Each structure stands twice: as C-alpha cells, then as structure tokens.
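Descriptive analysis of the structure
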Amino acid sequence: MKNHVTLLFLTMLLYCICLSSLHAQTFPCNGSFYISLNNSSSPTTTHQIAFTGTAVEFDQIVQSNVHANAFGYNPKDHYIYGVNRDNNDIIRIFSTGGFEVVGEEPEISNWVTGAGDCNYLGKYAVHERSNDKLYFYDVTNGFTPETSVVLQWSPNSGNTGIANLALDDIVFDPNDPTIIYSYQRNFSFGSNSEPVNSRGAILQINADYNSSDFGNVDILGILSDEVILQMGALFFNSSEELFGYGSSVVPIVQNTLVRIDLTNMEAIFMANGPGAAGNDGCSCPFNVELKQEIYSLDQQCDSTQVEYKITLMNNSNLDLTNLIFQNTFEFNAKIQHTFPQDALNGDVQIDGNQIQIYNIDIAANSKDSFILQIQYQTIDGFFSNQSSISGLPEVLNATVVSDDPNTSAFLDPTTFEIETDQASFTQFIEETICFGEQYELHGINYDQSGTYLQEIEGHLTGECDSIIELNLTVLAENISEQQYTHCDAGPYLFGDMPLSTSGLYERTLENAGRFGCDSTIRLELEVPERLGNIYFPNTINPISQLGNDCFRLFFENNNTFEYSMSIYDRWGNLIFDDQGVDICWDGTFSGQAVQAGIYSYIIEINDSCQGAIQRVGELLVHY
C-alpha cells in the first residue's frame, strides 16, 4: 500500500511539473509584435518587436528547428501557431524553441502558404496559395477542422472569379472575428496571374461562416509603392492600429516596419530591423493598456488646475484581480480629488502628490476610467508624468505604464507646459472630421488640418484670459481608381449600376471609411464592340459592275475593326499586303489585272477581347 501511495504521489508530482513546464513555454501578451524569419528552410528564428518611447527594438527570443510560417498568436492559451512548410502539419510553437504537431490538413501534401492568424476566440485561420483556400481550425480544445472556403473577388473589387493571390500574411480585426485584412504585393509575381488593379492594395476578407459573402475579397485602398512593396507580416496593436513588416525594394529584403493608416491608406515608415527571405508575424493586441491624457487644463493667475483622464483597458480574456495603480506627480503638484471617489472601484489613497489605488478588479474585455484633479503651483516649465498598473500575470507583462494617446509615440509620459506670462489654457480639443466637412468652435468654422487657438478674454476670474487649443485633423479624400475591360455579354455591374458603354464612371460608398467618411470609386470602363459574324466573298470579278469587283470583309451590325490582308498567287508570291479598317483587293498587282484563277489569302483581325483572330482561305478571280 505504501508503494502505491508513493507511486501515486510521484505521478502527480511529475504531472504538475509537466504542466508548469508547459505553461512556462507560452509567449507574453504585452503589446509586442512577433516576427518569424527564415531563408526558405529551417531553422526559423522568432524576434520580438517592442516599442519603448519613440524607439523600436528588435530582439531575437527563440530559434526553432522547423521551416515554420503562417504565425498566429492565440490569446486563449498564449502559444504561437503556424504551419510546417515541409509537410502538411499544423504546429504549436513554444517560447523555448520547441514545437509540437497539433494536426494536419489532409487536402494538401505540404503547405505552400505564408499567411495565418488567430482571432480573439482562439480560432486559427491559414490561407493556402496552391488552392486559393482559407482554412479554419479550433486548436485550443484539441484539434478540430471547422470549415474552409475558396476566396472569391467581391463584385465591388473590379475583379471577378477566384481570388488567385499569393498572400504573404493575414490578420484578424481585433474586435471582429469575421473580418480579416491582408495585402497584395505591389510587383509582378510568379506567372503574373495576380490582378494588376489590386497590386499594393489592403484587402478585406469576409470570414463570417454564416454569410453568403463568406470568402469574398474587397479592395480597401492602395498603399504607396515608395514606402512598401511587400509585407510578409501584419499586426494589430491594442489601439487597433495596423502595422506591417516586409520589403521596400525588389529583390525582396524583408526588414522594414511600417504603420498603416486605414483612414487614408497611408504607409508610414517606422524602423528597419533584421531581414530574411521568409517572414511572417503575429501579435497579441489582447493585453492590458493604461492611457493617461489631459482632460482639461485651466491655467489661472496663481495656479494651474489639470484634470487627467485615466483609462484602464483589459483587452485580455482574463478576469484580473488585486491590481495596483500608482503615480507620483511633480513636486509642485497637489492631488485634489478623483471622480468618482472610488476610482476603478478600488481603495484610493492620496498623499500630497502621490496616489495609490489598491484592490482593483476588472473583468475580461472591459475598461474603466476616472478623472484625477490636480492643482499645480504656477511655475514656468514643462511637466510630465506616467502612471502604472502592477500585479498583472506574467503573461500580460506584470506591470504596464501609461501611454499618452495624443501623441504618436508609444508608452510615453503625458506632458504639458505652464507659462506664467500667457493666458491660462482652459481646454485642449482633439477632433477628426471627413474631407469636405467643417468643425465649428464658438462661431468659427475650420475645414483644414492644423492647430488653432481661440482666446476668451476675462474668462472665469475676469483677470486672466483663457485659451482653447483645437487640434483638428481633416482626413484626406478617399478615392480608389480602377480600370476594367468588359468583354462578357450583358451589362457590367458597377455596384448597382448596369453599364453597357465605355466611359468614366463614379460611385460613392457612404460611411465606408474607418471614421464614417465617404469613399469614392472611379472606374474607367472599356466596352469594346463585339466582333460577331464575319462575311467575305469566295470569288470576285474585277471588271464587274455588280459590286463584287473587290475582295473585302463585312462585319455584323456594320461594325468596323482593324485588320490586315495578304494575298498570294499559286506560287506563294505575295501580291497584295495592307492593313486598315476598310481595305480591299481589286484583283490587280503592280497596277495590272491578275490572271483568272485561285489565289490564297491570310487575314488577321484585331479584337480587343479575343486578341488577334486569323482567317486563311482561297479566292477565285474570274472575268
């Protein structure tokens, strides 16, 4: 009995050690990006991209002895999933460099793909280039293939049929598991089968299993080829900003990090990092984020009152408890109040310029905020500070610091200036409007991007003026240019407009942009004349007065097409050669009538849809 108890104890101990070891092999969800680099074979190295202030850091954290691609970070279990390019395995990658096979795709022999990601529900999706399919799997509860779909071009894209694309990466919308973003490289690839009008385009894929448009691919806009040409990795951060890592040159050197503004389809260079032939990436935007911004700033004659808005966002799938908020403000500051008094539903403790909030609980996928009012002595200078949240699980980075959302930097302190010789700043206003709109402030309309100041004399005390600073962003007009040659029978559907003639057309998509702005699609449509039936005689009489004195072509509906005509005698000598839209042979050679007999002809007709069409035959000349 004693031996059985000892054996049971050792078994349980080993099981606990294994569980602990396995958990230790997860990747932290701390807002970092993960990129995989390889040179078309194993090993695959994983780098972490971290933002510290205005700097971007690239650190190699693991090397795996596998030719991996199609990375996706799973927020349910905090592992990275991918595919083995040497077979049809789907693998789970550990932070120690090891990996294990979780399943395989029986429809293929080996993965050619480079595009994959996980949504916030933990579902793993991967695009296979060889069959243009998108596969979906449940990888957190064992391994279950869920569905697959062949990608098709949306009717609004200007393309038709199967979306034959060599996608380098896909990324789920952080808030919507039915939306996937991708990018079509902006250069010729392989057999040149990828559409020209969508090169360099950010694409949107419908990933809703229950939608009739499941698998449809739309074009959102074109990025400038001066900044980026190819992106093997796509990421979202917790602020819902899209980033890419790829190449700005051909031949491919994947070493360029860019931020992608989805409102105006602009790619902004961020940094250069390590490069390789093969690249993929993933991120975990489902972390904890702390934002601190100036809610109002009122500089009076002898003091300045600042109200900070502090927001705690739990974007993870975990219910968090016993967190601690703290900040120590500048020497000339005194903390007055928090609104509400029990900020973040915790225990608030204030001591002069210091604040701690204990016992903070926040549910998964939720956020909470409070206003912190502080009185500053009026001393000239710039003042900045940064709050922190501690007590987080290690997988969420243990401690996070605040980021000022009013700047383009990352994890930066909130900064403001006090000037005793100026009027007091009562309010900072940040506004974004669409192209063509106006923003009104105290009777003045603004329609251009910029910073505007309004002075209000005698505000509040009657002794000090106040100033309102408006930072206005006017989004650029979103216009997509498309060209299409329509050769099919029937009209071409441009949205809900059936078009049957060549011309320039324009349609507006209302509230289609990220900020609810309208988007314009301009289409240059060519509808060529249809060739139809072709008629031509098999005999001519050059001296006839009945209309059959010349050998020419006749087209259906009296259409005109350019064609070339070559006439040969029975010995194969070329006796006539001409090209135009209405040419004929009158039975002469060098100004003399030819002898009666059989002559051969070769005719080539230029058709915009079918290309060059050749007709070969014989012609009888008689008198």
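All of the points below concern the structure found in this document. (Residues numbered from 1 in each chain as written. Predicted model: local features only at pLDDT ≥ 70, side-chain atom pairs only at ≥ 80, totals over all residues. Heavy atoms only, no water.)

Next up on the list: empty space enclosed by the protein. Tallying each qualifying case throughout the model produces 2 cavities of 30 Å³ or more. Its boundaries defined by the atoms lining it, the largest cavity holds a volume of some 80 Å³. Taken together, 15 residues form the lining of the largest cavity, with Asp117, Cys118, Val171, Phe172 and Pro285 sitting closest to its centre. Secondary structure elements with two or more residues in the lining of the largest cavity: β8 (115-118), β13 (170-173), β17 (230-236) and β21 (278-283). Of the residues in the lining of the largest cavity, the class split is 11 nonpolar, 2 polar and 2 charged. (1 Å grid on protein atoms, 1.4 Å probe; cavity = no way out; pocket = protein on both sides within 12 Å on 5 of 7 lines; lining within 4 Å. Points joined across faces, edges and corners; volume = space filled by probe spheres on them. Helix = DSSP H or I, 4+ residues; strand = E, 2+ residues; numbered from the N terminus. Nonpolar A, V, L, I, M, F, W, Y, C, P; charged D, E, K, R; others polar.)

Our focus in this paragraph is the sheet that holds strand β24 (residues 320-328). A sheet is described by the order of its strands in space; here 5 strands give the open sequence β26-β27-β24-β30-β31, paired in antiparallel fashion. Lying at the two open borders of the sheet, with one neighbouring strand each, are β26 (347-351) and β31 (400-401). Taken together, the 3 bridges between β24 and strand β30 (residues 388-390) define a ladder with antiparallel strand orientation. Looking across to β30, one finds that Ile324 is bridged to Ser390. (Pairing = 2+ DSSP bridges.)

Ordered by their spatial adjacency, 5 strands build an open sheet running β44-β51-β50-β46-β47, and the pairing between neighbours is mixed. Strands at the two margins of the open sheet, each flanked by one partner only, are β44 (539-540) and β47 (574-580).

Attention now moves to the pairing of β26. Both β26 and strand β27 (residues 354-362) contribute to a ladder of 5 bridges, which runs antiparallel. Within the sheet, the bridge partner assigned to Gln349 lies in β27 and is Gln356. Hairpin connection from β26 to β27: 2 residues lie between these consecutive antiparallel strands, with Gly352 at a positive phi of about 65°.

Under the defined criterion, the tally for this structure stands at 31 aromatic pairs. Centroid distance Phe51 to Phe243: 5.7 Å. Interplanar angle 50°. Geometry classified as tilted. One end of the pair, Phe51, is in strand β2 (residues 44-52); the other, Phe243, is in strand β18 (residues 242-247), with 192 residues separating them in the sequence. Accessibility classification places Phe51 together with Phe243 in one group, the buried group. In textbook terms, an aromatic cluster arises when at least three aromatic residues are bridged by ring pairs, as seen for Tyr81, Trp111, Tyr124, Tyr135, Tyr137 and Phe143. Cation over ring: Arg92 sits above Tyr79, and NZ or CZ is 5.7 Å from the ring centre. (Phe/Tyr/Trp six-rings, centres within 6.5 Å; stacked < 30°, edge-to-face > 60°. Buried < 20%, exposed > 50% of the residue type's maximum accessible area, 1.4 Å probe, protein only. Lys NZ or Arg CZ within 6 Å of the ring centre and 35° of its normal.)

Once that is clear, we can look at the environment of Asp586. By the element assignment, Asp586 lies in the loop between β47 and β48 (588-589). Taking relative accessible area as the criterion, Asp586 reaches 39% and is therefore assigned partly exposed. Along the chain, Asp586 and Cys550 lie 36 residues apart, while their C-alpha atoms are 4.4 Å from each other. In contact with Asp586, not counting residues within four places along its chain, are Pro542, Asp549 and Cys550. At a separation of 2.7 Å, a polar atom in the side chain of Asp586 contacts the side chain of Thr588. (Contact = heavy atoms within 4.5 Å. Polar contact = N/O pair within 3.5 Å; in protein donor to acceptor, adjacent residues only side chain to side chain.)

Neither face of β8 is exposed, since Ala115 and Asp117 on one face and Gly116 and Cys118 on the opposite face are all buried. Linking β8 back to strand β9 (residues 123-128) in an antiparallel pair, the connection comprises 4 residues, with Gly122 at a positive phi of about 90°.

As a further point, take the nonpolar core. Tyr308 and Phe325 are the most contacted members of the largest nonpolar core, which has 45 residues in total. Counting residues in each nonpolar core, the second largest holds 22 residues, with Ile540, Leu553, Phe561 and Ile567 among its members. (Core = buried A, V, L, I, M, F, W, Y, C linked by side-chain atoms within 4.5 Å.)

For the structure on display, the rule yields 11 salt bridges. Note that Arg92 and Glu100 form a salt bridge whose closest N and O atoms lie 2.3 Å from each other. Classification of Glu100 by relative accessible area gives partly exposed; the value is 29%. Here Arg259 makes a salt bridge to Glu241, at a shortest N to O gap of 3.9 Å. Taken as a pair, Arg259 in strand β19 (residues 256-261) and Glu241 in the loop between β17 and β18 lie far apart in primary sequence, 18 residues in all. On the basis of relative accessibility, which here comes to 26%, the residue Glu241 falls in the partly exposed class. Sharing partners across several salt bridges, the network here consists of Lys123, Asp138 and Glu146. (Salt bridge = Lys/Arg side-chain N within 4 Å of Asp/Glu carboxyl O.)

Here we take up the state of the cysteines. In this structure the tally under the stated criterion is 4 disulfides. Covalent S-S linkage joins Cys487 and Cys609, the inter-sulfur distance amounting to 1.9 Å. Given an S-S torsion of about -90°, the disulfide between Cys487 and Cys609 has left-handed geometry. Taken together, the residues Cys487 in the loop between β38 (478-485) and β39 (492-494) and Cys609 in the loop between β50 (597-607) and β51 (611-621) connect sequence positions 122 residues apart. On the basis of relative accessibility, which here comes to 34%, the residue Cys609 falls in the partly exposed class. Residue Cys550 pairs covalently with Cys584 via a disulfide, S to S 2.1 Å. On the sign convention where negative means left-handed, the S-S torsion of about 100° between Cys550 and Cys584 marks this disulfide as right-handed. Of the two residues, Cys550 sits in the loop between β44 and β45 (554-555) while Cys584 sits in the loop between β47 and β48, which places them 34 residues apart along the sequence. The closest cysteine sulfur to the non-disulfide-bonded Cys118 is located on Cys282, 7.9 Å from its own sulfur. Classification of Cys118 as buried rests on a relative accessible area of 3%. (Disulfide = S-S within 2.5 Å.)

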